[in-house]
Amino acid sequence: MKHELEFRQISKNFAGVPALTDISFSVTEGEVLALVGENGAGKSTLLKILNGDYQPSEGSYLLDGEERHFLSPNEAIAAGIGLIYQERQMFDELSVAENIYVGRLPEKHRMVDYKELNRKAAGIIAELGLPIEPHKKVKELSVAMQQMVEIMKVYSRNPRVLAFDEPTACLSDKEAEVLFDLIGRLKEKGLIIIYVSHRMNEIFRLADKIVVLKDGAFVAMHDKKDTDEVSLVNQMVGRPIGSMFADQIQRKERKETALKVEGLSGKDFSDIHFDVKRGEVLGFFGLVGAGRTELMRAVFGADPVLAGTIEVNDRRQNIDSVEKAIRLGIAYCSEDRKNEGIIPLCSVKENMSLVILKRLCSGMFIRGKKEQGFAKENVEKFRVRTSSIDKRIYQLSGGNQQKVLLARWLAMNPKILILDEPTKGIDVGAKSEIYRMIQEIAAQGVAVIIVSSELPEVIGLSDRIYIMRNGKIAGEVGRKEAEEELILRYAMLEEVEG
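Below, the structure is looked at part by part. (Residues numbered from 1 in each chain as written. Predicted model: local features only at pLDDT ≥ 70, side-chain atom pairs only at ≥ 80, totals over all residues. Heavy atoms only, no water.)

Attention now goes to the overall build of the protein chain. Secondary structure assignment for the protein chain yields 18 helices and 24 strands. Here the protein chain has a C-alpha radius of gyration of 25 Å; the compact-globule value for 498 residues is 23 Å, and the two agree. Overall, the protein chain is about 70 × 50 × 50 Å in size when its C-alpha atoms are taken along their principal axes. Counting only residues that meet the buried cut, the protein chain has 53% of its 498 residues in that class. (Helix = DSSP H or I, 4+ residues; strand = E, 2+ residues; numbered from the N terminus. Rg over C-alpha atoms; globule rule 2.2 N^0.38 Å. Buried < 20%, exposed > 50% of the residue type's maximum accessible area, 1.4 Å probe, protein only.)

All right, on to the pairing of strand S22 (residues 447–451) then. Put simply, side chains in a regular strand alternate between the two faces of the sheet. Within S22, 5 of the 5 residues are buried, which leaves the element mostly enclosed by the surrounding structure. Neither face of S22 is left uncovered, since the one carrying Ala447, Ile449 and Val451 and the one carrying Val448 and Ile450 both have all their residues buried. One ladder, built from 4 bridges, connects strand S15 (residues 281–286) with S22; its direction is parallel. In the sheet register, phenylalanine 284 faces S22, and the bridge partner there is valine 451. (Pairing = 2+ DSSP bridges.)

The next subject is the sheet that holds strand S23 (residues 464–469). Pairing is mixed in the open sheet, where 6 strands are placed in the order S18-S21-S22-S15-S23-S24. The sheet is open, and its two edges are formed by strand S18 (330–333) and strand S24 (472–478), each paired on a single side. In this sheet, neighbouring strand axes are inclined to one another by 20 degrees on average, regardless of whether the strands run parallel or antiparallel. The sheet contact formed by S18 and strand S21 (residues 416–420) spans 4 bridges and is parallel. Within S21, the residue paired with tyrosine 332 across the bridge is isoleucine 418. Seen against the sheet, helix H18 (residues 484–492) touches S15, S23 and S24 and runs at an angle of roughly 30 degrees to S23. (Axes fitted to C-alpha atoms, helices over the stretch in contact; angles between N-to-C directions. Contact = heavy atoms within 4.5 Å.)

In this structure, lysine 12 sits in strand S1 (residues 4–14). For the buried residue lysine 12, which engages in no salt bridge, the nearest side chain bearing the opposite charge is aspartate 53, 11 Å off. Within polar-contact distance, the side chain of lysine 12 engages the backbone oxygen of glutamine 55 at 2.8 Å. (Lys, Arg positive; Asp, Glu negative; His and termini not counted. Salt bridge = Lys/Arg side-chain N within 4 Å of Asp/Glu carboxyl O. Polar contact = N/O pair within 3.5 Å; in protein donor to acceptor, adjacent residues only side chain to side chain.)

A word on helix H1 (residues 43–50). Burial of H1 is extensive: 6 of the 8 residues sit out of reach of the surface. Residues Lys43, Thr45, Leu46, Leu47, Ile49 and Leu50 constitute the buried set of H1. Just downstream of H1, glycine 52 is the residue with a positive phi angle, here 85 degrees.

Our next topic: the sheet that holds strand S16 (residues 305–312). If you walk across this open sheet you meet the 4 strands as S14-S13-S16-S17, and the pairing is antiparallel. Each having just a single partner strand, strand S14 (269–277) and strand S17 (315–317) make up the two edges of the open sheet. Shown here is a sheet whose adjacent strand axes are inclined to one another by a mean of 15 degrees, direction ignored. Here helix H9 (residues 292–299) sits on the sheet and contacts strand S13 (257–266), S14 and S16; the angle it forms with S14, its principal contact strand, is near 65 degrees.

Another aspect to go through is the packing of aromatic side chains. Here a ring pair, both rings aromatic, is described through the centre-centre distance and the interplanar angle of the planes. Going through the model one piece at a time under the given rule, you end up with 9 aromatic pairs. Ring centres of phenylalanine 14 and tyrosine 54 lie 5.2 Å apart, and the angle between their planes is 75 degrees; on these two criteria the pair is classed as edge-to-face. Of this pair, phenylalanine 14 sits in strand S1 while tyrosine 54 sits in the loop between H1 and strand S4 (58–63); the two residues are 40 residues apart in sequence, bridging distant segments of the chain. Of the residues examined, phenylalanine 14 reaches a relative accessible area of 36% and is grouped as partly exposed. (Phe/Tyr/Trp six-rings, centres within 6.5 Å; stacked < 30°, edge-to-face > 60°.)

Attention now moves to the environment of alanine 97. If you trace the backbone, alanine 97 turns up in helix H3 (residues 96–100). Note on alanine 97: relative accessible area 0%, which makes it buried. Note: C-alpha distance between alanine 97 and asparagine 413 (316 residues apart in sequence) is 52 Å. In contact with alanine 97, not counting residues within four places along its chain, are Leu117, Asn118, Ala121 and Pro134.

The subject of this paragraph is a nonpolar patch on the surface. A grouping of Leu105, Val112 and Tyr114 is seen on the molecular surface, where their side chains present a nonpolar patch of about 230 Å² in accessible area. When you line up the elements, valine 112 lands in strand S8 (residues 111–112). (Patch = residues over 30% accessible without salt bridge, like charges linked within 9 Å, V, L, I, M, F, W, Y side chains within 5 Å. Areas by Shrake-Rupley, 256 points an atom, 1.4 Å probe, with all protein chains shown as cover.)

Its location among the elements puts proline 456 in helix H17 (residues 455–461). Along the sequence, proline 456 and glycine 65 sit 391 residues apart, while their C-alpha atoms lie 44 Å from each other.

What follows is about the pattern of salt bridges. Opposite charge on two side chains makes pairing possible when the charged atoms of those side chains draw close. Counted according to the given criterion, the structure contains 23 salt bridges. With its nearest N and O atoms 2.5 Å apart, the salt bridge here joins arginine 160 to aspartate 64. Of the two residues, arginine 160 sits in the loop between helix H5 (143–155) and strand S9 (161–165) while aspartate 64 sits in the loop between S4 and strand S5 (66–68), which places them 96 residues apart along the sequence. The salt bridge partner of arginine 278 is glutamate 256, with a shortest N-O separation of 3.7 Å. Of the two residues, arginine 278 is situated in the loop between S14 and S15 and glutamate 256 in the loop between helix H8 (229–237) and S13; the sequence distance between them amounts to 22 residues.

In this fold, leucine 105 is placed in the loop between H3 and strand S7 (107–108). Overall, the relative accessible area of 32% leaves leucine 105 in the partly exposed class. Among all residues touching leucine 105, those that are not within four sequence positions of it are Glu98, Val112 and Leu117.

Okay, the nonpolar core next. Counting 68 residues, the largest nonpolar core has Leu259, Phe274, Phe284, Leu295, Leu417 and Val448 as its most contacted members. With residues near it in sequence (within four places) discarded, leucine 295 still touches Leu264, Phe269, Ile272, Phe274, Phe284 and Met468. Counting 46 residues, the second largest nonpolar core, distinct from the first, contains Ala34, Ile100, Ile151 and Ile183. (Core = buried A, V, L, I, M, F, W, Y, C linked by side-chain atoms within 4.5 Å.)

What follows is about the pairing of strand S10 (residues 192–196). The element S10 is extensively covered by neighbouring structure, given that 5 of its 5 residues are classed as buried. What you see with S10 is no split at all: Ile192, Ile194 and Val196 on one side and Ile193 and Tyr195 on the other are buried throughout. Both strand S3 (residues 32–36) and S10 contribute to a ladder of 4 bridges, which runs parallel. In the strand pairing of S10, alanine 34 is matched with tyrosine 195. As defined by bridge partners, S9 adjoins S10 across 5 bridges and the pair is classed as parallel.

That's the geometry; what it means functionally is another story.
Have a look at this one:
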């Protein structure tokens, strides 16, 4: 008999508010089932119920026909459930072998038996065909190989079900290939695999079946061969969205240069020349390690400039701090939303008002009513989905966190807005809204710089695109000649024929 996992009418309420309603579907061994939906659709909540982190309000789940009810993750692990979180649960200073068997280290004479530990770890590494040494410290591995260690840790417990929650969020395309190959081998070994991702190319590459959730409810289950990306997206957002870039806002062409960089050099980039005009959306593309983020951090004063000049509104400036950049009207949304963007334990209101506190103060004290009014106005303006402006921001979806950050920086009325990976980890519905906001911001005369690893995004939004490779500008293309093949050639090849 084949292993099978079945959800039957699963519902989950938090303080009376439904997060999941009547979810039912099943998946069998040797299958990859993709779980898709917007942020807040209930995907992670369902996985946490399966993993014993949450208890269902109603319904049940069956493993091999037996109804189960895990009261903790430990019970789920013992029953053969493995969950790979988006954020790795690793001990950087310990070895690969120690991380794989943490909490279960073999002993000999009341001491850790490292010979046996490394032998067991080497066996799993060989079985999965990975280029890793068991004695090496995890901190010395690439992000992708750390992900493999996380998977081996779960695999060493002989799981029947393996669930992945956004596993490629921090991986480059090359690193993701390693993960995809491993998932293929795990599938061949007969595991039940659940895969959560916002990236449609991954879904159609890996999945056998696709389940769509919306607002905590089951929408549909498809065999991969019977559906397509457009149909899935329409079901996820509950409306046809067509092309996300079809309705470009007409923007007045302006000639005033907002920012000009000449011969700029710094950490991981050198001799950079570019400019951006008011009301223009300027795109930056490059492969991982090209130096895009390092360049933008230097422009914003977060990292030192080693050589070259920066002009803001035709005046040369020495931007040696973030405070100086902000005074000059430069705003920067980091790609690392969690560590460099939001303040997780602070409220939506507090995160939103952070850069304009002086305007909200009377003497040394914040005027509470004025701050509340500001936050309520912007929650409505940016369509932030939250039950309260006093809700802690970490409780919001990634897309809504990003909207709060946009509201924060736009409150200072910036002249230049730098957005580094503005839709990273965000679902298609929220992406569409953020794209619209970016166009509206540019239409108001703000110079917008977008750094993105998603080619359709950078092509769809940008008036011009600079391509970086190995810390240098490899090429520049305008909207009319912007094609994926040409941009990738600039990003990957030493020379591009004209």
